[in-house]
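Fold and contact review
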Amino acid sequence: MGDEREVMSHLPDRAIAPVVDTYDRPLRSLRLSVTDRCNLRCKYCMPEEEYVWLPREDVLSFEEMATLTGYFADLGIDKVRLTGGEPLLRRDLSRLVRLLLQDRRITEIALTTNGILLADQVQDLYEAGLHRITVSLDTLRPERFRQLTRRDEFARVIEGIESVGRAGFSGLKLDIVAIRGFNDDELVALIEFAKHYRAEVRFIEYMDVGGANDWSLDKVLSRAAILERLGEHYGPIETIPGRGAAPAQRFLLPDRTTFGIIPSTTTPFCSRCDRSRVTADGLWYLCLYAPAGTDLRKPLRSGVGPDEMRRIIQAGWQSRRDRGAEERKVLEGLGLREGGLIGIDRLRDDPHLEMHARGG
């Protein structure tokens with residue numbers, strides 16, 4: 001309890017006006033990685049069995065994460081998404097939720113998980129005040145699940161999804177990476193599955209982050225292709241207006257079922273991106289594709305005061321020029337997109353370069 005009181009002592013009476021970057025994008029949403037480790041080995045994210053993990057002594061404590069989040073809230077952040085790796089591998093995650101909710105400026109805390117450990121922890125998370133849960137589920141076929149993840153955990157993922165509503169949560173989302181030639185024949189089945197749990201599907205275009213994930217452009221199932229295939233089955237699909245800074249474009253089926261598509265590869269949304277990322281060891285990335293981050297752990301642990309911490313974050317965001325997905329799109333036009341991926345040897349030398357370390 002003493003540590004929690006210490007976190008609260010850093011909170012100012014009011015938030016500073018939100019800061020904007022060089023393209024007038026505000027600082028609004030924080031993706032907070034609580035671990036870089038995962039219990040799956042998905043081909044599009046962590047396809048290798050062994051990785052160079054972040055040193056345990058470098059990983060931030062929950063109190064340090066809450067303190068850092070408070071500095072971001074001073075500058076405009078009001079939404080936090082807990083991610084990883086697989087965030088539920090971090091013990092007692094509900095305690096972090098409680099710490100973060102002591103700051104009343106945080107209006108939403110969400111969790112993205114693969115669902116394997118969810119059933120065991122979902123009630124604690126609900127009672128701690130977590131607002132929303134997103135579960136990754138790329139296929140409804142157990143054999144495909146094993147092929148994709150190299151683990152036999154499909155039944156536990158389904159159990160986790162079933163536990164969300166029982167615990168009292170609403171607004172469940174299911175994230176599906178749409179891969180041509182792998183799960184593109186399951187689009188309708190996944191939407192129908194989601195209906196049963198009052199969940200909303202979000203199809204995600206396969207992204208070329210890192211380099212170990214065997215990405216290629218011909219595996220990308222585009223937004224246009226997804227809409228075409230769903231339209232053939234359901235009939236006319238309406239676009240829901242008012243996307244704002246959200247990554248997903250939302251759509252309405254004739255039966256009023258909603259779903260989303262995150263078209264990062266074919267239709268980047270960099271011009272509206274208000275997301276900021278902090279890794280489990282305190283590196284701050286201004287873009288999912290950024291080659292380097294700012295070390296916030298060192299000044300935090302060396303006793304730098306709140307005013308200077310806020311200055312570091314404010315200056316970093318105000319100088320932000322990142323438009324990573326759009327730059328990838330330009331490379332595609334030049335025929336250089338696939339050749340621009342980070343080499344596997346460099347990824348092994350620096351674990352921060354892979355998506356699992358920076359909360360993709």
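Let me begin by describing the structure that accompanies this report. (Residues numbered from 1 in each chain as written. Predicted model: local features only at pLDDT ≥ 70, side-chain atom pairs only at ≥ 80, totals over all residues. Heavy atoms only, no water.)

What to know about the overall build of the protein chain
Summing up its helical and strand segments, the protein chain has 12 helices and 12 strands in all. Considering the protein chain as a whole, with its 360 residues, one finds that 56% of them fall into the buried category. Expressed as a percentage of contacts within the protein chain between residues at least 6 apart in sequence, the contacts between residues at least 24 apart total 75%. Accessible area of the protein chain: about 15500 Å², with a carbon and sulfur share of 49%. (Helix = DSSP H or I, 4+ residues; strand = E, 2+ residues; numbered from the N terminus. Buried < 20%, exposed > 50% of the residue type's maximum accessible area, 1.4 Å probe, protein only. Contact = heavy atoms within 4.5 Å. Areas by Shrake-Rupley, 256 points an atom, 1.4 Å probe, with all protein chains shown as cover.)

Brief notes about the pairing of strand β1 (residues 29–33)
The buried count for β1 comes to five of five residues, which makes it a mostly enclosed element. Across five bridges, the pairing between β1 and strand β2 (residues 79–83) is parallel. Along β2, the bridge assignment pairs S29 with K79. In the sheet, β1 pairs with strand β10 (residues 275–278) via four bridges, with the strands oriented parallel. Directly across from R31, in β10, lies its bridge partner R277. (Pairing = 2+ DSSP bridges.)

Describing the pairing of strand β6 (residues 200–205)
By the criterion of burial, β6 is predominantly enclosed, with six of the six residues buried. The two faces of β6 match: E200, R202 and I204 on one face and V201, F203 and E205 on the other face are all buried. Relative to β6, strand β5 (residues 173–178) runs parallel, the two being bridged by six bridges. When the bridges of β6 are listed, I176 appears paired with F203. A crossover connection joins β5 to the parallel β6 through helix α7 (residues 187–196); in handedness this β-α-β unit is right-handed. (Right-handed = clockwise from strand over helix to strand, strands pointing away.)

Focus: the sheet that holds β2
Hydrogen bonds between backbone groups are what pair the strands of a sheet, and the pairing can be parallel or antiparallel. The sheet built from 12 strands is open, its strands ordered β7-β8-β9-β6-β5-β4-β3-β2-β1-β10-β11-β12 with mixed pairing. For this open sheet the edge positions go to β7 (238–239) and β12 (294–295), each flanked by a neighbour on one side alone. This element, α7, spans β5, β6 and β9 (258–262) of the sheet and lies at about 150° to β6. (Axes fitted to C-alpha atoms, helices over the stretch in contact; angles between N-to-C directions.)

Thoughts on the packing of helix α2 (residues 62–74) against helix α10 (residues 306–318)
Packing of α2 against α10 leaves a shortest axis separation of 9 Å and a crossing angle of 65°. The interaxial crossing formed by α2 with α10 has right-handed handedness. Taken together, the residues of α10 that come into contact with α2 (itself represented by L68, Y71, F72 and D74) are P306, M309, R310 and I313. Each residue belonging to the contact of α2 with α10 can be placed in one class, and the counts come to six nonpolar, no polar and two charged. (Left-handed = near helix turned anticlockwise from the far one by under 90°. Nonpolar A, V, L, I, M, F, W, Y, C, P; charged D, E, K, R; others polar.)

Quick notes on the pattern of salt bridges
Opposite charge on two side chains permits pairing when their charged atoms draw close. A full pass over the atoms with the stated rule returns 26 salt bridges. One salt bridge in this structure joins K195 and D255, with 2.6 Å as the shortest N-O distance. Taken together, the positions of K195 in helix α7 and D255 in the loop between β8 (249–252) and β9 put the pair 60 residues apart, joining distant regions of the chain. Overall, the relative accessible area of 42% leaves D255 in the partly exposed class. Its salt-bridge partner being R275, residue D274 comes within 3.2 Å of it at the nearest N-O pair. A relative accessible area of 10% means that D274 is categorised as buried. (Salt bridge = Lys/Arg side-chain N within 4 Å of Asp/Glu carboxyl O.)

As for the environment of G231
Within the secondary structure, G231 is located in helix α8 (residues 223–234). Classification of G231 by relative accessible area gives partly exposed; the value is 24%.

As for the packing of aromatic side chains
Throughout the structure, instances matching the rule amount to six aromatic pairs. A centroid spacing of 5.0 Å and a plane angle of 55° characterise the contact between F193 and Y197, whose relative ring orientation is tilted. Look at F193 and you get buried, because its relative accessible area is 17%. Summarising the aromatic geometry, the rings of F251 and F259 are spaced 5.4 Å apart at their centres and angled 25° between planes, so their arrangement reads as stacked. F251 gets classed as buried once you look at its relative accessible area, which sits at 4%. Through successive ring pairs, a cluster of aromatic residues spans F203, F251 and F259. Its end group placed over the ring of F182, R144 keeps NZ or CZ at 6.0 Å from the ring centre. (Phe/Tyr/Trp six-rings, centres within 6.5 Å; stacked < 30°, edge-to-face > 60°. Lys NZ or Arg CZ within 6 Å of the ring centre and 35° of its normal.)

Regarding helix α4 (residues 118–128)
Within α4, burial applies to L118, Q121, V122, L125 and A128. Along the long axis of α4, the arc covered by the buried residues comes to 130°, so they all point the same way. In α4, the exposed positions angled more than 90 degrees off the buried face are occupied by D120 and E127. On its buried side, α4 packs onto α3 (93–101), β3 (108–113), β4 (132–136) and α6 (154–167). Just past α4, the residue G129 takes up positive phi, approximately 110°. (Arc of directions from axis to C-beta.)

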